[in-house]
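Descriptive structure summary
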Amino acid sequence: MYTRLLIALLVSTTMLPLAARAQVTPNPERCSIETRDFCLNGVSNAVTAFDSLRVSSVSSRGLQDNEDEKEGKRGKRKRAGDGTILIAASEKVPLFGGADEPWAVWASVGRSRFASSVTVAPYTAELETMRVGVDRLFAGRYVLGVAMLSEHVTTRTKYNGGGQTVDGTVMVPYLSVLLGNTFSLDLNAGFGRGKANQDRVDPSLAAPVGTILRANYRADREFLSATLNAFLPRGNWTFGGRVGYLHSKEDQTGFQETGGPSARNVQGREVKLGQVFAGLDAAYRFANNWEPNASLVYRRDVSRNDGRAGGGLPGAVGATQPDDRTEWEWSAGLRFFGERGMTLGAEFLKTRGRESFKNESFNLTARFEF
């Protein structure tokens, strides 16, 4: 579930001029500012799916080198891939698959708060994630691993007295490759499934006050991400840059609401996002083990579908999106490199630049090499 599904302020394909529209009597069977209870038939996921997909999809962070003098031995520490995966790997063995090349396990927890202030259907949401993974360094330049991601999303849609919870799991194989001393390549893929439960207040005048409509559905998700990174160590500083592409898609099953006279039969839909990004980052090493870091990333949607394909949106909804395809993402964090390949990290990330969308995320990561 990932950039924003902004729901149309335009509710039909033939719209009257503004002066004429102001004199039109609101139709209680169409979504509008005057009749919000009918918006999107109360199907909250038709509002939030696109944003949830973007926020929870995995984005690559890049692979960087930091030279380290310790006990007379010269080595390198690397960090790579999948947003919060941190790698602190030795280069003891030059041969592919050498016995001393390290394995590592890692775990990460994160929390995001995102919201849309679109006039017709505003919402707030919280995303909680937990990730665990294992990988191995090969030939001093390849990191190959697999991760399992679990997520829980809670959404509140006050315009219809509704809400939604989504639980999902995703399997993520990943590969990071050092390309010489300056560049690296990160490749990620993901495949998973989720289940959503949602409810809303029945807007029908025939329904008793407080009647709740309920529904649930399943969704299959996939994503691909490729990032080319550049890095430049200068003393205790490391400067870096990255460019990349992300593709993410979710296919949702149809469902039948239950509980009241306004219950709807909603077809399945497809939510999709293609995004290019470019960014700069910097880190500073002090006291040998501590490393504050920061980054700034520009993202632009190159393709997106808000749910009109694969069955489409509910029948009373005419949906569109503003021409709002760009955002800026900045983050700040702190890493600690301990004995025997231990790495700890914390990161705060903020997304801004969309007209009616904002996101804040916080992640903690621990990694152990053996």
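That block above? That's the structure.
In short, a report on the structure. (Residues numbered from 1 in each chain as written. Predicted model: local features only at pLDDT ≥ 70, side-chain atom pairs only at ≥ 80, totals over all residues. Heavy atoms only, no water.)

Thoughts on the nonpolar core
Core analysis: the biggest nonpolar cluster contains 18 residues, and Phe114 and Tyr123 have the highest contact counts within it. Elements with a minimum of two residues in this core: α2 (45-56), β4 (123-138) and β8 (212-234). With sequence-adjacent residues up to four places away left out, Tyr123 is seen in contact with Val47, Thr48, Asp51, Phe114, Ala115, Ser116, Thr155, Arg156, Thr157 and Phe357. Within the second largest apolar cluster, seven residues are counted, among which are Trp106, Ala147, Leu149 and Phe223. (Core = buried A, V, L, I, M, F, W, Y, C linked by side-chain atoms within 4.5 Å. Buried < 20%, exposed > 50% of the residue type's maximum accessible area, 1.4 Å probe, protein only. Helix = DSSP H or I, 4+ residues; strand = E, 2+ residues; numbered from the N terminus. Contact = heavy atoms within 4.5 Å.)

A word on unusual backbone geometry
A positive phi angle, close to 50°, is found at Ala287, a residue other than glycine. Residue classification places Ala287 among the exposed positions, given a relative accessible area of 60%. Residues other than glycine seldom take positive phi values, yet Asn288 does so here, at roughly 70°. Here Asn288 shows up in the loop between β12 (269-284) and β13 (290-309). Of the residues examined, Asn288 reaches a relative accessible area of 32% and is grouped as partly exposed.

Concerning a nonpolar patch on the surface
Where nonpolar side chains cluster on the molecular surface, the patch consists of Trp103, Val105, Val132, Val134, Val146, Met148, Met171, Leu344, Phe368 and Phe370 and spans about 850 Å² of accessible area. Relative to the elements of secondary structure, Phe370 occurs in the segment after β16 (357-369). (Patch = residues over 30% accessible without salt bridge, like charges linked within 9 Å, V, L, I, M, F, W, Y side chains within 5 Å. Areas by Shrake-Rupley, 256 points an atom, 1.4 Å probe, with all protein chains shown as cover. Salt bridge = Lys/Arg side-chain N within 4 Å of Asp/Glu carboxyl O.)

What about the pattern of salt bridges?
Taken as a whole, this structure holds 20 salt bridges when the rule is applied. Among the ionic pairs, Asp135 bridges to Arg367, the shortest N-O distance being 2.4 Å. Taken together, the residues span a long stretch of sequence, with Asp135 in strand β4 and Arg367 in strand β16 at a distance of 232 residues. A residue is classified by how much of its surface remains accessible, and Asp135, at 2% relative accessible area, is buried. Using a relative accessible area of 2% as the deciding quantity, one classes Arg367 as buried. Where Glu151 meets Arg221, a salt bridge forms, and the shortest distance between an N and an O atom there is 2.7 Å. Of this pair, Glu151 sits in strand β5 (residues 142-157) while Arg221 sits in strand β8; the two residues are 70 residues apart in sequence, bridging distant segments of the chain. Because the salt bridges share partners, they merge into one network encompassing Arg54, Asp301, Arg304, Glu327 and Arg354.

A short note on the pairing of strand β15 (residues 343-352)
Of the two faces of β15, the one holding Thr343, Gly345, Glu347, Leu349 and Thr351 is buried and the one holding Leu344, Ala346, Phe348, Lys350 and Arg352 is not buried anywhere. When strand β14 (residues 326-337) meets β15, the two strands line up antiparallel, connected through 10 bridges. Bridging from a neighbouring strand, Arg335 pairs with Gly345 of β15. Between β14 and β15, which pair antiparallel one after the other, the connecting turn spans five residues, and Arg340 there sits at a positive phi close to 55°. Bridge count between β15 and β16: nine bridges; the pairing is antiparallel. When the sheet's bridge partners are listed, Thr351 is paired in β16 with Asn359. Here β15 hands over to β16 after four residues, with Gly353 in that stretch at a positive phi of 115°. (Pairing = 2+ DSSP bridges.)

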